[in-house]
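# Structural characterization, general
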Amino acid sequence: MLFRSAHACSARYRGPLIRHALTSMDDDSAGRVATVGSYIGGVVCAIGWYVFMAISLLPGQEKTKDKYLWDCHANVTALPEDSYVSPCEFTSGAYWAPGILMTLGVVMLNVIRWTALGDDMSLGDDSSATKAKIWVVVCFVIMFCALGGGVWITLVDGQRPQDDKVWMGPGIAVLVQCICLFVGGLIFRIARRKEDHAI
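Below or above, wherever it landed, is the structure these notes cover. Because the structure is predicted, anything quoted here is derived from the model rather than measured. (Residues numbered from 1 in each chain as written. Predicted model: local features only at pLDDT ≥ 70, side-chain atom pairs only at ≥ 80, totals over all residues. Heavy atoms only, no water.)

## Describing the overall build of the protein chain
Secondary structure summary: the protein chain contains 5 helices and 2 strands in total. For the protein chain, the N- to C-terminal ordering of α and β elements is α-β-β-α-α-α-α. A total of 199 residues make up the protein chain; the buried ones form 34% of that total. Summarising the internal contacts of the protein chain: among those between residues at least 6 apart in sequence, 68% fall at separations of at least 24. Roughly 12500 Å² of accessible area belongs to the protein chain as shown, and the carbon and sulfur atoms make up 68% of that amount. (Helix = DSSP H or I, 4+ residues; strand = E, 2+ residues; numbered from the N terminus. Buried < 20%, exposed > 50% of the residue type's maximum accessible area, 1.4 Å probe, protein only. Contact = heavy atoms within 4.5 Å. Areas by Shrake-Rupley, 256 points an atom, 1.4 Å probe, with all protein chains shown as cover.)

Structure, rendered in structure tokens:
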């Protein structure tokens, strides 16, 4: 009799304990996913900026100084066969705009709490969920415009005549940078969906 009552008592308390253990285990794994996702997102964004800066600094290195020229108005006929001229837009700073815009969009997207969006799909009321949805739309518009700018720069560089000896490296670097920033920002945002994992 004593054994039965002890067994019934333990069964009554076992259910909440198991539920608590599973919930805390689920929270711990979600926290780990959020942490690892944040690291991965940050590394992917850093790779994007690293690629752009590495290509940007390539003409200034001692061993490649004769191969890549900063002066976009240089006489290309007097250059050696394997030398390239940096595009004028690159030296004027236009190639920086997509990366800066994409970084701004990624930061704006990850500043807002994901739970602020709410569950309803309406945009007609004056609630904070509506403002949060408009904020997210603006963030994605900025990010897609920056991505479009990276594609545009790469296409324009690819359509230049080969006789101009224009260096394609900066255009490709802008596109790689924008893609890495976009993917890294989304990884960071998706990994931190829960309220407990917000910044």
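Here the narrative resumes, following the displayed structure.
## Side note on the packing of aromatic side chains
Summed over the entire model, instances satisfying the criterion amount to 7 aromatic pairs. The interplanar angle of 85° and the centroid separation of 4.9 Å between the aromatic rings of Phe 52 and Trp 96 together place this pair among those described as edge-to-face. Placement of the pair is Phe 52 in helix H1 (residues 2-57) and Trp 96 in the loop between helix H2 (88-92) and helix H3 (97-111), with a sequence separation of 44 residues. When the ring of Phe 90 is compared with that of Tyr 95, the centres are 5.6 Å apart and the planes differ by 65°; the resulting orientation is edge-to-face. Of the two residues, Phe 90 and Tyr 95, neither departs from the other in class, the shared state being buried. Clustering of aromatic rings is evident, with ring pairs tying together Trp 49, Phe 52, Phe 90, Tyr 95 and Trp 96. (Phe/Tyr/Trp six-rings, centres within 6.5 Å; stacked < 30°, edge-to-face > 60°.)

## Let's talk about the packing of H3 against helix H4 (residues 128-158)
For the pair H3 and H4, interaxial distance at closest approach is 8 Å and the crossing angle is 160°. One way to sum up the angle between H3 and H4 is to call them roughly antiparallel. Crossing hand, H3 versus H4: left-handed. In this structure, H3 uses Pro 98, Leu 101, Met 102, Gly 105, Val 106, Met 108 and Leu 109 to contact H4, whose residues at the interface are Trp 135, Val 136, Val 138, Cys 139, Phe 140, Ile 142, Met 143, Ala 146, Leu 147, Gly 149, Gly 150 and Ile 153. Grouping the constituent residues of the contact of H3 with H4 by class yields 16 nonpolar, 3 polar and no charged. (Axes fitted to C-alpha atoms, helices over the stretch in contact; angles between N-to-C directions. Parallel < 35°, antiparallel > 145°, perpendicular 65-115°, else oblique. Left-handed = near helix turned anticlockwise from the far one by under 90°. Nonpolar A, V, L, I, M, F, W, Y, C, P; charged D, E, K, R; others polar.)

## Structural notes on the nonpolar core
If you look at the biggest cluster of nonpolar residues, it comprises 22 residues, and the most contacted ones within it are Phe 52, Tyr 95, Met 102, Leu 109, Met 143, Val 174 and Cys 178. Those elements that place two or more of their residues in this core are H1, H3, H4 and helix H5 (169-191). If one sorts the elements of this core by residue count, H4 sits on top with 8 residues. The contact partners of Phe 52, leaving out residues within four places of it in the chain, are Phe 90, Tyr 95, Trp 96, Ala 173, Val 174 and Gln 177. (Core = buried A, V, L, I, M, F, W, Y, C linked by side-chain atoms within 4.5 Å.)

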